[in-house]
Amino acid sequence: MRSIGLVLMAAAVAVVPAAGPVSAATLHPYTWGDNGYGQLGNGTTTSRHIPAALPLGATGVSAGRDHGLAVAGGGAYAWGWNLNGQIGDGTTTNALRPKRVAGICPGSPVAEVAAGHYSSLARCADHTAWGWGKDDSGQLGNGPGFNKQLRPVRVATFTDLVQLAGGRNHSVGLRANGTVWAWGSNAAGQLGDGTFSPRPGPVQVNLPAGTVVTQVIAGRDHSLARTSTGKVYAWGINEYGELGDGTTTNRAIPVIVALPSAAKAVGAGAFHSLAVLSDGTVRAWGRNNNGRLGDGTTLARLRPVAVKNLTGVSSVAGARDHSLAVTTTGKVYAWGKNFFGQLGDGTTTDRKIPTLVPGLNGATQVSGGRSLSLALAP
């Protein structure tokens, strides 16, 4: 998902027009699942049980609890639930179609978007960042919390960010030197600085000296980091074993996840975590009702277990109650809760092992929210 704010002129926030003919190589956001707030971005509030493309050529996507984000045309687009200003258009009115977010990345294109539960983040190509939406815990990283930011604000003074991740009420950033920084709520230790004190500005995560991190991710109230050597560290809430250390003890300092081999990617849901191993298989741990760990059971797992029938995986994403994976051949698999059709297989039947999402070929990225899924595909 799960583990920020900006916009200056409402007139600059425009609804995305229908796209004209595009080449076969153009990627689009595909959406499916719950649509009660317009989080599928298709102009309706009707849920969908199979993926459908949005008319927006994009290079990146991210799902919040009930909203979606995309990088397109050098800008950031947002749609769906807007109670906390997570669309960034100066209102709290839900957006049924993607709107371009104004006032971010002046003089630089948007390089990445990262959705928190109720907030949104964008990283610019110049390695600065902006955020908007809920800010009651300082998760936008621009000082003491202001409840909500309806327009974007600058995230701290970073000039070297290479990745962002958003959780429920906290955010995580990876700097070019391989260090990890976090800000916002810290009640469960999800900022990893050795305390349980909230931080309205970035603090460095207390990883072992010399650790070089290459990927960060945020769950609901926990965080993960993958290092250059394939080790995975986790910290924060551990109620269901989402840290994978064999306990249910919250950790304010990162602990290493006992994986059988090096990891090449990680993902985090609300209460569970995932890792892609170097051989393309997947391990999962944490809460498992509805079968979101993909091991064929609904038993919580305090340590990583193998996801069944899944090989050749390149990346994974955790949602609230389901999980998603992309293979090296561009196929998408989903498993877990399916009440709103968020698994995209045309049914509302929960799946304890991965099921193929039909109609998606050449996918490069997936992301999941409370009951929706996003994919980036031709």
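Scroll up a little and you will see the structure.
Predicted model only: the values in this text are computed from it and were never measured.

*Asks:* Would you mind showing me how to read the overall build of the protein chain here?
*Replies:* If you tally the helices and strands in the protein chain, you get zero helices and 28 strands. Scaling as 2.2 N^0.38, a compact globule of 378 residues should have a C-alpha radius of gyration of about 21 Å, and the protein chain matches this with 18 Å. In terms of principal-axis extent, the alpha carbons of the protein chain reach across some 50 × 45 × 30 Å. In the protein chain, buried positions account for 61% of the 378 residues. About 12,700 Å² of surface is accessible on the protein chain, with carbon and sulfur atoms providing 53% of the total. Within the protein chain, the 18 negative side-chain charges are centred at a point lying 3 Å from the centre of the 31 positive side-chain charges.

*Asks:* Teacher, can you tell me more about the sheet that holds strand S3 (residues 60-63) here?
*Replies:* By definition, the strands of a sheet pair up through backbone hydrogen bonds, in either a parallel or an antiparallel sense. Here four strands make up an open sheet; going across it, the order is S3-S4-S5-S6 and the pairing antiparallel. Strands with a single pairing partner mark the edges of an open sheet, and in this sheet they are S3 and strand S6 (95-100). Across the sheet, the axes of successive neighbouring strands diverge by a mean angle of 15 degrees, strand direction being ignored. Here three bridges tie strand S5 (residues 75-80) to S6, and the two strands are oriented antiparallel to one another. Pairing of Gly 80 across the sheet is with Ala 95, part of S6.

*Asks:* Sorry if this is basic, but what is going on with the state of the cysteines here?
*Replies:* What we call a disulfide is simply a covalent bond connecting the sulfur atoms of a pair of cysteines. All told, the structure shown has one disulfide when counted by the stated rule. The disulfide partner of Cys 105 is Cys 124, and the S-S distance across this bridge is 2.0 Å. A torsion of -85 degrees about the S-S bond marks the disulfide between Cys 105 and Cys 124 as left-handed. Of the two residues, Cys 105 is situated in the loop between S6 and strand S7 (110-115) and Cys 124 in strand S8 (residues 119-124); the sequence distance between them amounts to 19 residues. With respect to burial, Cys 105 and Cys 124 carry one shared label: buried.

*Asks:* Help me out: how do you make sense of the pattern of salt bridges in this one?
*Replies:* Any two side chains of opposite charge can pair, given that their charged atoms come close. A complete count under the given rule lists 15 salt bridges for this structure. Across the pair Arg 220 and Asp 221 runs a salt bridge whose closest N-O atoms are separated by 3.3 Å. One continuous salt-bridge network, built from bridges that share partners, spans Asp 34, Arg 65, Asp 66 and Arg 370.

*Asks:* Explain the sheet that holds strand S11 (residues 161-166) to me, please; I cannot follow it from the model alone.
*Replies:* The strand order S11-S12-S13-S14 describes an open sheet built from four strands, whose pairing is antiparallel. Where the open sheet ends on each side, the last strands, each with one partner, are S11 and strand S14 (199-204). Shown here is a sheet whose adjacent strand axes are inclined to one another by a mean of 20 degrees, direction ignored. Here S11 pairs with strand S12 (residues 170-175) via five bridges, running antiparallel. Among the inter-strand pairings, Leu 161 is bridged to a residue of S12, identified as Arg 175.

*Asks:* Looking at this structure, how should I read the packing of aromatic side chains?
*Replies:* Centre-to-centre distance and the angle between the planes together describe a pair of aromatic rings. Summed over all chains, the structure comprises five aromatic pairs. Ring centres 5.0 Å apart and planes at 35 degrees place the aromatic pair Tyr 37 and Trp 81 in the tilted group. Placement of Tyr 37 in the loop between strand S1 (28-33) and strand S2 (48-53) and of Trp 81 in the loop between S5 and S6 is noted, with a sequence separation of 44 residues between them. Assessed through its relative accessible area of 28%, Tyr 37 is described here as partly exposed. Given the relative accessible area of 13%, Trp 81 is considered buried.

*Asks:* Would you take a moment to explain the nonpolar core for this structure?
*Replies:* Across soluble globular proteins, you tend to see nonpolar side chains buried next to one another. Membership of the largest hydrophobic core comes to 16 residues, with the highest contact counts inside it found for Ile 104, Val 110 and Val 113. Counting residues per element, the ones that place at least two in this core are strand S4 (67-72), S5, S7, S8 and strand S9 (129-134). With three residues, S7 is the single largest residue contributor to this core. Residues within four places of Val 113 in sequence aside, it is in contact with Gly 60, Val 61, Ser 62, Leu 69, Ala 70, Val 71, Ala 76, Leu 121 and Ala 122.

*Asks:* What is the right way to look at the environment of Gly 64 in this model?
*Replies:* With respect to the secondary-structure elements, Gly 64 resides in the loop between S3 and S4. Residues Gly 64 and Leu 372 lie 308 residues apart in sequence; the distance between their C-alpha atoms is 9.0 Å.

*Asks:* What is the right way to look at the pairing of strand S27 (residues 365-368) in this model?
*Replies:* Two faces, one strand: in a regular strand the side chains alternate between the faces of the sheet. As paired strands, S27 and strand S28 (residues 372-377) are joined by four bridges and run antiparallel to one another. Bridge assignment links Gly 368 to a residue of S28, and that residue is Ser 373.

*Asks:* Honestly, the side chain of Gln 149 in this entry has me stumped. Any pointers?
*Replies:* Tracing the chain through its elements places Gln 149 in strand S10 (residues 148-154). Overall, the relative accessible area of 15% leaves Gln 149 in the buried class. In contact with Gln 149, other than residues within four places in its own chain, are Asn 84, Gly 85, Trp 132, Gly 133, Asp 135, Leu 140 and Asn 142.

Conventions we followed
- Starting from 1, residues in each chain are numbered consecutively following that chain's sequence as written.
- At least 70 in pLDDT is required for a residue's local features to be given in this predicted model, at least 80 for side-chain atom pairs to be given and counted, and no such filter applies to totals for whole chains, interfaces and linings, which use all residues.
- Side-chain metrics in this entry use all non-hydrogen atoms of the structure; hydrogen atoms and water are not considered.
- Only DSSP runs of H or I reaching four residues or more are called helices, and only runs of E reaching two or more are called strands; each is numbered from the N terminus.
- The reference for a compact globule is 2.2 Å times residues^0.38; the radius of gyration itself is calculated from the C-alpha atoms.
- Residue burial is assigned from relative accessible area. The probe radius is 1.4 Å, only protein chains are included, and a residue is buried under 20% of its type maximum, exposed over 50%, and partly exposed in between.
- Shrake-Rupley sampling with a 1.4 Å probe provides the accessible areas, and residues are treated as covered by the protein chains on show and by no other component.
- Positive: Lys, Arg. Negative: Asp, Glu. His and the chain ends are not part of the count.
- Each charge is placed at NZ for Lys, CZ for Arg, CG for Asp and CD for Glu.
- Two strands qualify as a pair provided that DSSP identifies no fewer than 2 bridges between them.
- Inter-axis angles, ranging from 0 to 180 degrees, are taken between N-to-C directions of lines fitted to C-alpha atoms, where helices are fitted over the stretch in contact.
- Only a pair of cysteine sulfur atoms within 2.5 Å counts as a disulfide in this structure description.
- Counted as salt bridges are all cases of a side-chain nitrogen of Lys or Arg within 4 Å of a carboxyl oxygen of Asp or Glu.
- Here a pair means two rings of Phe, Tyr or Trp (six-membered ring of Trp) with centres within 6.5 Å. Their orientation is stacked below 30 degrees between planes, edge-to-face above 60, and tilted elsewhere.
- Side-chain atoms within 4.5 Å are what join buried Ala, Val, Leu, Ile, Met, Phe, Trp, Tyr and Cys residues into a set we call a nonpolar core.
- Any pair of residues with heavy atoms lying within 4.5 Å of one another is described as a contacting pair.

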